[in-house]
Amino acid sequence: KILVQRGIDTFEKAKNFFRPQLSDLHDPWLMKDMQKATARVLSAFEQKEKILVFGDYDVDGTTSVACMYQFLVSVYRKELVEFYIPHRYREGYGISKQGIDFAKANGFTLIISLDCGIKSVELISYAKELEIDFIVCDHHLPDDILPPATAILNPKQKDCLYPYKELCGCGVGFKLITALAQKLGFAEEKVNCYLDLVATAIAADIVPITGENRILAFHGLKQVNDKPSNGIRALMFLSKADKIMHITN
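Each value, and the rule that gives it
Along each chain, numbering runs from 1 in the same order as the chain's sequence is written. Per-residue local features of the predicted model are confined to residues with pLDDT of at least 70, and side-chain atom pairs are confined, for both listing and counting, to 80 or more; whole-chain, interface and lining totals are unaffected and use all residues. Side-chain descriptors were evaluated using all non-hydrogen atoms of the structure, hydrogens and water having been removed beforehand. Every helix listed is a DSSP run of H or I at least four residues long, and every strand listed is a run of E at least two residues long, numbered separately from the N terminus. The span expected for a helix works out to 1.5 Å for each residue beyond the first. Classification of residues uses two cut-offs on accessible area relative to the type maximum, computed with a 1.4 Å probe and protein chains only: under 20% is buried, over 50% is exposed, and between them is partly exposed. The working definition used for a salt bridge is a side-chain nitrogen of Lys or Arg within 4 Å of a carboxyl oxygen of Asp or Glu. Axis definition: a line fitted to C-alpha atoms, over the contacting stretch in the case of helices. Angles run 0 to 180 degrees between N-to-C directions. In this scheme, roughly parallel covers angles under 35 degrees and roughly antiparallel covers those over 145, while 65 to 115 is roughly perpendicular and the rest are oblique. Helix crossings get a hand from a simple test, with the near helix turned counterclockwise from the far one by less than a right angle marking a left-handed crossing and a clockwise turn marking a right-handed one. In what follows, a contact means two residues having at least one pair of non-hydrogen atoms within 4.5 Å. The definition of a nonpolar core used throughout is a set of buried Ala, Val, Leu, Ile, Met, Phe, Trp, Tyr and Cys residues joined through side-chain atoms within 4.5 Å. If DSSP finds at least two bridges between two strands, the strands pair. Crossover handedness is defined here as right-handed if the route from the first strand over the helix to the second strand goes clockwise, with the strands pointing away from the viewer. Between the rings of Phe, Tyr and Trp (Trp by its six-membered ring), a pair exists once the centres lie within 6.5 Å; its type follows the angle of the planes, with under 30 degrees stacked, over 60 edge-to-face, and the other angles tilted.

(A) Up close: helix α3 (residues 34-47). Taking 1.5 Å per residue as the helical rise, α3 with its 14 residues ought to reach 20 Å, and the 20 Å between its terminal C-alpha atoms agrees with that figure. Listed as buried for α3 are M34, A37, T38, R40, V41, L42, A44 and F45. Just downstream of α3 lies K48, where phi reads positive at about 55°.

So this is what it looks like as structure tokens:
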């Protein structure tokens, strides 16, 4: 009765609910601008450009940065990748002028923003004047006027055909990582090692635990218990949590 009240009224829906499969995740190439985003990153690799990974200081932002930064340094030259998290009080949420000025002063020509950027029209215009390109990975509701970024990944864009609209910022970044890994010919393990961070972002940002979020959270929590990343392992140690409860309902 409870399942039916939740709209789970067939065997197939019940199977997907209780046994979520990573194979049921949507194709990242369905997201608008994914081709543009991957092409710009791969071009940066070829031209040996410096890439700055920019994310908010909250959990969704920091886990997004951790995923993207670790992936990039594993496939590109570490000395050409850096991350930037704005100061909570001096800069606040979102893209900051200080962050863009930092990028310019240190020779970065591509910024990948995570969990922010969709509303930063003026600041991304400013970056463009400084010849710094932006790839925006965000999940907040866009305004009518979008920033002049090289690519905008956000399933909530009106003309984005991506089937699931409730990803968190880390989830959107995870989709970009997935697409890049496919372009570079890496196995799924190269991407799925970040699922514990994605699950952390899903929980902390209080997005709906439905569809893809449920799949990502289910397998992310499994990884937390089986083989967590060093950061999650440290948090578990400090909080004296040997195991994290798995999703069962």
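(B) Broad picture of the pattern of salt bridges. On inspection of all chains with the given rule, the structure shows 12 salt bridges. Of the charged contacts, one joins R77 and E79 as a salt bridge, the two residues approaching to 2.9 Å between their closest N and O atoms. Accessibility expressed as a relative area gives 52% for E79, which makes it exposed. D143 is the salt-bridge partner of K119, the closest N and O atoms lying 3.0 Å from each other. Note that K119 is positioned in the loop between β3 (108-114) and α6 (121-129) and D143 in the loop between β4 (133-137) and β5 (151-153), a separation of 24 residues in sequence. For D143, a relative accessible area of 41% gives the class partly exposed.

(C) Broad picture of the packing of helix α5 (residues 97-105) against α6. Relative orientation of the contacting elements α5 and α6 amounts to 15°, with a least axis distance of 10 Å. Put simply, α5 runs roughly parallel to α6. Crossing of α5 against α6: the hand is right-handed. Residue-level contacts link K97, I100 and D101 of α5 to L123, Y126 and A127 of α6.

(D) Here's a closer look at the nonpolar core. Formed by 53 residues in total, the largest nonpolar core has its most connected members in L72, I112, I135 and L176. Sorting elements by how many residues they give to this core places helix α7 (residues 169-184) first, with eight residues. Residue contacts for I135: discarding those within four places in its chain leaves A37, R40, V41, L110, I111, I112, S113, A151 and L176. Membership of the second largest hydrophobic core comes to 17 residues, among which are F108, I124, I132 and I152.

(E) Region of the structure containing the pairing of β4. Counting buried residues along β4, four of its five residues qualify, which places the element largely inside the surrounding structure. Where β3 lies against β4, five bridges are found, and the strand directions are parallel. The residue of β4 that forms the bridge with L114 is C137. Regarding the hand of the β-α-β motif, the stretch spanning β3, α6 and β4 is right-handed.

(F) Representation of the packing of aromatic side chains. In this structure the tally under the stated criterion is seven aromatic pairs. On the basis of an interplanar angle of 75° and a centroid distance of 5.3 Å, the ring pair of Y69 and F83 is categorised as edge-to-face. One end of the pair, Y69, is in helix α4 (residues 59-75); the other, F83, is in strand β2 (residues 81-84), with 14 residues separating them in the sequence. Judged by its relative accessible area of 17%, Y69 falls in the buried class. In this structure F83 comes out as partly exposed when scored by relative accessible area, which is 40%. A centroid spacing of 5.3 Å and a plane angle of 45° characterise the contact between Y84 and F102, whose relative ring orientation is tilted. Taken together, the positions of Y84 in strand β2 and F102 in helix α5 put the pair 18 residues apart, joining distant regions of the chain. Residue class for Y84 comes out buried when judged on its relative accessible area of 12%. The exposure class assigned to F102 is partly exposed, which follows from its relative accessible area of 29%.

Worth remembering: the numbers are spatial, not functional.
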